[in-house]
Structures are given as C-alpha cells and as structure tokens.
Amino acid sequence: MNRSLVPGVLLFLAAFLPSLASANRVASCNACSVDDAEAVAMSTAQARTQAVTVLDYTYGLAWQCDVRADRETGAPTARCLQASPQLASEFATLLGHIRRMKEAVVELPLLPGESIYDIAGCPSCASQWLYRNRFALAGRLSTVDALLAAAGKLSITIGVKAVDVQKSFDGMVRFIIKVENDDSGGALGAAYCYAYLDGHEAMVDPNACVDSDGNSIPTLQNPTIANRYTFRSPINLRGMVGAIGAIRPIGGTVAVGTLIQCTTTRCDVKPDDK
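This section reports on the structure supplied with the text. (Residues numbered from 1 in each chain as written. Predicted model: local features only at pLDDT ≥ 70, side-chain atom pairs only at ≥ 80, totals over all residues. Heavy atoms only, no water.)

Generally speaking, nonpolar side chains in soluble globular proteins are found buried as a group. Within the largest apolar cluster, 57 residues are counted, with the highest numbers of intra-cluster contacts made by Leu94, Ile116, Ile119, Trp129, Leu141, Phe169 and Ile260. The greatest single-element share of this core, amounting to seven residues, is contributed by helix α6 (residues 143–158). By size, the runner-up hydrophobic cluster in this structure holds 14 residues, among which are Ala37, Val52, Trp63 and Val67. (Core = buried A, V, L, I, M, F, W, Y, C linked by side-chain atoms within 4.5 Å. Buried < 20%, exposed > 50% of the residue type's maximum accessible area, 1.4 Å probe, protein only. Helix = DSSP H or I, 4+ residues; strand = E, 2+ residues; numbered from the N terminus.)

The next point concerns the environment of threonine 73. Relative to the assigned elements, threonine 73 resides in the loop between β3 (61–69) and β4 (76–82). With a relative accessible area of 60%, threonine 73 lands in the exposed category. Here alanine 75 takes part through its backbone nitrogen, which lies 3.2 Å from a polar atom of the side chain of threonine 73. (Polar contact = N/O pair within 3.5 Å; in protein donor to acceptor, adjacent residues only side chain to side chain.)

With that settled, the discussion passes to the state of the cysteines. Should the sulfur atoms of two cysteines be covalently bonded, the bond is a disulfide. This structure, assessed with the given rule, holds four disulfides. Here cysteine 65 connects covalently by a disulfide to cysteine 80, the sulfurs 2.0 Å from one another. For the disulfide bridge between cysteine 65 and cysteine 80, the dihedral angle about the S-S bond is near 110 degrees, and by the sign convention the bridge is right-handed. In this pair, cysteine 65 is assigned in strand β3 and cysteine 80 in strand β4, connecting sequence segments 15 residues apart. The exposure class of cysteine 65 is buried, given its relative accessible area of 5%. Residue class for cysteine 80 comes out buried when judged on its relative accessible area of 5%. (Disulfide = S-S within 2.5 Å.)

To continue, consider the sheet that holds strand β11 (residues 267–269). Reading across the sheet, the three strands line up as β9-β10-β11 and stay open at both edges, with antiparallel pairing between neighbours. Two strands lie at the open edges of the sheet, namely β9 (254–256) and β11, each paired on one side alone. Shown here is a sheet whose adjacent strand axes are inclined to one another by a mean of 15 degrees, direction ignored. (Pairing = 2+ DSSP bridges. Axes fitted to C-alpha atoms, helices over the stretch in contact; angles between N-to-C directions.)

Set out below in structure tokens:
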C-alpha cells in the first residue's frame, strides 16, 4: 500500500466507523416498566450514544430510548419515552399479525404409512415433512407474508434491518400443523405438531407433537411421561409404546396408567385386569 495514503485512510475510517456503531438498535421485553425498558436499552446499546427501540410484546408498548454515556463515569444511561404515534400504530399492526399467526392451523399430508410418531422426536423427519409440502405450506400460510411485511415497515420507521425486528419476536409465533390425511382412527381425528417461525421460515417443533387421541408424545428432548394415556387408535398405542421405550429410565419400572409398562429392557401393553 502507498504509505502516503495511510493517514487519509485512517482518518476516513475514524469518521466512518462511529457512524456504523451509532446505528439504531431494537430489542424486546415482556411486561416491562419504563425502568425495565431503560435497562434493556442500556444492555443492548453498542455505542456511547445510540437510539434503541424496545418492543414490549406482552403489553403491546413500544419504547423509544436514548442511550448515552455519563460524562463523568462513562457508564451508560438511558431515557425512554413511549413511541411516536406512527411507531405505536405500526407495532400494533405487527402484533395483530402475530396474533393471527398464533391462531393459524395448516393441514399437510404425511406419506402413506407414516404417522405423527414418525415425526415426533426426529428433527430431520420434521424438516422433510415441511420440505415435501413447501408449496402447499406457502399457499396455506399467507399470513406469514403479511407479518413479514409489517416487520419490514416497522424496521424502516425504527431505522434497523427487517431481520432485526424479526429476531425480536423469534419463538413467539407458534401455530399448528395438522396431519391432513390422518387415518389412525384417534378420538381427535387428526394428530398435529406445533410449529414456529425462524426468521422467514416455518419450522416444526418435533418435541411438541400430539397424536390423534390427544396424547402428547414424549421425546428425548421432552421426556415428560404422563400418568395416564387414553387410546382409541391401535396405531397410536403402538407408537406410544415405542416412544416411551426410547426414553425409558435406566433401572426400575415405569408404569403409565393401566396401558403401558416399561422395564429396563422393553415396553409392553399391560394385559387387561378385567
């Protein structure tokens, strides 16, 4: 590099980098007071002087915060005020789309011979289920487009990237994906799993699935075994035997209601005592 250019380059960077560091930020909180919002803003700020918008998804409030370094101590201080009418209106629109997403129920088919027990506890199986049905999912979950558009509009008003607003509600948008062609014969009619948005993509939570008899399916990541299960479907009964068998404790015996009993080596349907 021409050494005569170095001082000029450094001066350019010194002038340019602070403008990058002072870019606006966005964060989230739940049921927060103004003191809580100020604490969140101070922990989020990455510059001595920075504007931070704190979105409260519980109370539906948006806080616009000004974070500055104390002149004497250098410690950050924050002052938060409720958002401008425009920002508050756009946040309310975003919350409305989130509520509609939480009420969404999408039906997608499994392959012939598959059941919800093939999806539960298997992240790759859940991903393949969505991938096979990606076009149907896009058509049946049109509310995602409206939600992301609202997030994008809000991001412009705040002065951040759309993905930053999306990250602020990650994990909050959960909806249901039902098995469209469920022929297991359970009392509920159709099994389902909860799904959520990861950025702009829908993801199935394989550790939050319920069979067509209404039984939550235990998995290695969610090993809670209920005291009693009720089955009308023999398919679900066989599936639950396998699911419990995969997470059975080492040593001892686990009795589940009056239907399934697991030892250290296997799980079986208990004989009818009548």
